[in-house]
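Examining the three-dimensional arrangement
This is what each chain is made of:
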Amino acid sequence: MKRLFWQIPVVVILIFAGYLFWVLLQGTSTDFKPLQKAPVEVLHEKQVDTIRDSVLSFISWNAGYGGLGAESDFFFDTGALLSRGHMVH
């Protein structure tokens, strides 16, 4: 019985080590090594328009909690992890 007690963990560790060795061996042997310089074929010539002296305007609406009414309780407002006496999950 003692022999079986220590053999099971040893077998599990050996199987895991064998799997790890196999993964590393396969990953090394099938490693993708691209060319340093690859030829590129231009399909369409495209003109690039540059934007100069343009005015950009952005608007950001922070309406994430806009739907909460006065009776709503958000737990970050109070700093506690409880909302109306219940634990927040």
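Residues numbered from 1 in each chain as written. Predicted model: local features only at pLDDT ≥ 70, side-chain atom pairs only at ≥ 80, totals over all residues. Heavy atoms only, no water.

**A few points about the overall build of the protein chain**
Per the secondary structure count, the protein chain includes two helices and two strands. Buried positions account for 1% of the 89 residues belonging to the protein chain. Taken as a whole, the protein chain presents about 9900 Å² of accessible surface, with 64% of it coming from carbon and sulfur. (Helix = DSSP H or I, 4+ residues; strand = E, 2+ residues; numbered from the N terminus. Buried < 20%, exposed > 50% of the residue type's maximum accessible area, 1.4 Å probe, protein only. Areas by Shrake-Rupley, 256 points an atom, 1.4 Å probe, with all protein chains shown as cover.)

**Points about a nonpolar patch on the surface**
A surface patch of nonpolar side chains, amounting to about 890 Å² of accessible area, comprises F16, Y19, L20, F21, W22, V23, L24 and L25. Residue placement: Y19 occurs in helix α1 (residues 2-29). (Patch = residues over 30% accessible without salt bridge, like charges linked within 9 Å, V, L, I, M, F, W, Y side chains within 5 Å. Salt bridge = Lys/Arg side-chain N within 4 Å of Asp/Glu carboxyl O.)

**Some remarks on the confidence of the model for the protein chain**
Looking at the protein chain, pLDDT values average 77 and 66% of them are 70 or higher. For the protein chain, per-element mean pLDDT is lowest for strand β1 (residues 82-83), which scores 56, and highest for α1, which scores 91. (pLDDT = per-residue confidence, 0-100.)

**Observations concerning α1**
In this model, α1 (28 residues) spans 41 Å end to end at C-alpha, consistent with the 40 Å of a helix rising 1.5 Å per residue. Where burial is concerned, little of α1 is hidden: zero out of the 28 residues are buried. (Expected span 1.5 Å × (residues − 1).)

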